[in-house]
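The lines below spell out each chain.
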Amino acid sequence: MSEISTSPITIEQVRADFPILSREVNGRSLVYFDNAATSQKPRYVLNAIEDYYKKINANVHRGVHHLSQRATDEYEEAREAVKRFINAKSIKEINFTKGTTESINLVAHSFGRKFIGKGDEIIISTLEHHSNIVPWQILCEEVGATLKIIPVNEKGEIDIDAYENLLSEKTKLVSIVYISNSLGTINPVNAIIEKAHEVGAKVLLDGAQAIPHQAVNVQALDCDFLAFSSHKMCGPTGMGILYGKENILEEMLPYQAGGEMIKEVTFEKTTYNALPFKFEAGTPNIAGGIALMAAIEYLEKVGWEFIENQEQMLLDYATQQLSNIEGLRIVGTAENKASVVSFLLGDHHPYDVGVILDQLGIAVRTGHHCCQPLMKRLGIEGTCRASFTFYNTKEEIDALVKGVERANRMLS
Ligand code: 7TS
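K.L.:
Help me out: how do you make sense of the domain arrangement of the protein in this one?
P.N.:
Quite often, the size of an interface is put as the accessible area lost when its parts meet. Under the domain assignment, the protein is made up of domain 1 (11–36 + 303–411) and domain 2 (48–300). Taking the mean C-alpha position of each, domain 1 and domain 2 sit 28 Å from one another. Facing the 34 residues of domain 1 at the interface are 30 residues of domain 2. Where domain 1 abuts domain 2, roughly 2700 Å² becomes buried across the two surfaces, and 55% of that area is made up of carbon and sulfur atoms. Broken down residue by residue, the surface that domain 1 buries against domain 2 is led by W304, L374 and R377, which jointly contribute 23%.

K.L.:
Explain the side chain of D120 to me, please; I cannot follow it from the model alone.
P.N.:
Tracing the backbone shows D120 in the loop between α4 (100–115) and β5 (121–125). A distance of 2.8 Å separates a polar atom in the side chain of D120 from the backbone nitrogen of G117. If sequence neighbours within four positions are ignored, D120 has contacts with F115, A145, T146, K170 and K172.

K.L.:
Looking at this structure, how should I read the site of the ligand?
P.N.:
Close to the ligand lie 16 residues, the nearest being T101, D206, S229, R365 and R385. Between a nitrogen atom of the ligand and a side-chain N or O atom of D206, the distance comes to 2.6 Å. One nitrogen or oxygen atom from the side chain of S229 is found 2.7 Å from an oxygen atom belonging to the ligand. Notes on the ligand: free accessible area 490 Å², of which the protein chains cover 88%. Among the residues forming the shell around the ligand, the class breakdown is 4 nonpolar, 8 polar and 4 charged. The residues that make up the shell around the ligand include at least three from each of domain 1 (11–36 + 303–411) and domain 2 (48–300).

K.L.:
What is the right way to look at the packing of helix α3 (residues 66–86) against helix α10 (residues 286–302) in this model?
P.N.:
A packed helix pair is summarised by two numbers, namely the angle formed by the two axes and the spacing between the axes. Orientation of α3 relative to α10, taken along the N-to-C sense of each, is 40 degrees, at an axis distance of 8 Å. It follows from the interaxial angle that α3 and α10 lie oblique. Crossing hand, α3 versus α10: left-handed. Counted together, A71, E74, Y75, E77, A78, A81, V82, R84 and F85 of α3 and I286, G289, I290, L292, M293, I296, L299 and E300 of α10 form the full contact between these two elements. Taken together, the residues of the contact of α3 with α10 break down into 12 nonpolar, 1 polar and 4 charged.

K.L.:
What should I look at first to understand the packing of aromatic side chains in this one?
P.N.:
Inspection of the entire model under this criterion finds 10 aromatic pairs. Between F18 and F390 the ring centres are 6.2 Å apart and the planes differ by 65 degrees, which places this aromatic pair in the edge-to-face class. A residue pair is termed long-range when its members are at least 10 positions apart, and F18 in the loop between α1 (11–16) and β1 (24–25) and F390 in the loop between β17 (383–387) and α14 (394–411) qualify at 372 residues. Using a relative accessible area of 1% as the deciding quantity, one classes F18 as buried. Both rings, one in F111 and one in F225, keep their centres 5.6 Å apart while their planes meet at 70 degrees; by these two values the pair is edge-to-face. Taken as a pair, F111 in helix α4 and F225 in strand β9 (residues 225–229) lie far apart in primary sequence, 114 residues in all. Note on accessibility: F111 and F225 belong to one class, buried.

Cut-off values and rules
- Throughout this description, residue numbers start from 1 for each chain and increase along the sequence as written.
- Whole-chain, interface and lining totals are the exception, using all residues; otherwise, since this is a predicted model, local features are given only for residues with pLDDT of at least 70 and side-chain atom pairs are given and counted only at 80 or more.
- Side-chain measures were taken over the full set of non-hydrogen atoms in the model, leaving aside hydrogen atoms and water.
- Domain start and stop positions are those given by an automatic or database domain assignment.
- Any two residues having at least one pair of non-hydrogen atoms within 4.5 Å are treated as being in contact.
- The quantity reported as buried area is the accessible area (1.4 Å probe) lost by two parts once they are put together, taken as the sum for both.
- Strands here mean DSSP runs of E at least two residues long; helices mean DSSP runs of H or I at least four residues long; both are numbered from the N terminus.
- Pairs of N or O atoms within 3.5 Å make up the polar contacts considered here, provided that, within protein, one atom can donate a hydrogen while the other can accept it, and that residues adjacent in sequence are counted only when both atoms are side-chain atoms.
- Whether a residue is near a molecule or strand depends on its heavy atoms: it is near if one of them lies within 4 Å of it.
- Areas reported here follow the Shrake-Rupley algorithm with a probe of radius 1.4 Å; residue values treat only the protein chains shown as occluding.
- As a working rule, the residues Ala, Val, Leu, Ile, Met, Phe, Trp, Tyr, Cys and Pro are called nonpolar, Asp, Glu, Lys and Arg charged, and the rest polar, with Gly in that last group.
- What counts as an axis is a line fitted to C-alpha atoms, over the stretch in contact for a helix, and the angles between N-to-C directions run from 0 to 180 degrees.
- Any angle that falls under 35 degrees is termed roughly parallel, while one over 145 is termed roughly antiparallel, one within 65 to 115 roughly perpendicular, and all others oblique.
- Here a crossing is taken to be left-handed if its near helix is turned anticlockwise relative to the far helix by less than a right angle, and right-handed if that turn runs clockwise.
- Each aromatic pair joins two rings of Phe, Tyr and Trp (for Trp, the six-membered one) with centres within 6.5 Å, and gets the label stacked for planes under 30 degrees apart, edge-to-face for over 60, and tilted for any other angle.
- Three labels apply to residues, based on accessible area from a 1.4 Å probe with only protein chains included: buried if under 20% of the type maximum, exposed if over 50%, partly exposed otherwise in between.

Pasting the structure below:
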């Protein structure tokens, strides 16, 4: 494996760790501002994938031979790394999935179908990604429960008083996004969790956008579930995590069925494997787990101080510079915000702005960002979204500002 940049870490060293950042797009240096969709991968992670397939490749948890044991050891070490990263109590609480979406669906299926019934209520917010809306709609329809929605204000902040009014002894689950992918709003999750627990409800945090940007400590938060994706935190696609408190996971129904998740199978009756294997049927994403461990090691080496300082600087600078552009309106102005700037440029369609930026090598996301109900609430169809991470620079924001100004001239 290649070495990770040694401290004190500079932005130049960090950027040199990401091979893709030195490529050109449409004849210009790539400016990658679509980090909320997926982050780029450092060489350290790419090497972990290659090393695994070159030197270890074997199936896990079943082989007596050397390679299988090596693969199993490394894959299970990845579970330890995740446990450490989010400060879980036990590896039994770390379930590997293929992403945030699957993690939420797992809870809807295995917790929801056992513990949520007719007349019960589930609370989500207006800020949710579709993957934290649709599984609950399907569940509610199936079991006769009701979905309640916490409203947001014009700034994109949830209404905490309205939330408290929605809570009652009927509430069985609150499933809420930690940081909004569309607007960057950081939700007051400590208060949300505390209030939910007062009425006996469980809380699932959608941590997809929180995990890459700040330390998340599940024991301090006291959330019951946390869902996140490896690919948004410098790891590979096809790999995700569901954290759940052990006593709750123990009581839940199995999810997918097959190999790995069983203890004993007879045609008369099957018993299920212990945690964390109970929810992991079939051959897992072994390379994905090992590369996720490399991503965690990489982020730990860069350190939260560097990541948070760089991202705060980028957010402040971009907000200030973009606000100076005539006709530009920032959508999502929460007091507590992560490094995402969603904007509209006059009456121009976000897609047209995105295409002009792409011609300049600048990657932003345009559209509803899988948050159609939020867009409807804000009275818009979509936005242009620039999402920054710790390897982005002020100079790249200058390029974005110039690009947006150019788009403004071309489309007017
Ligand atoms: N929840 C949030 C808050 C997200 O931002 C996303 C992906 C998901 C859930 C789903 O994650 P997945 O890894 O299972 O797909 N968000 C985005 C985005 O903002 N642009 O593309 C994907």
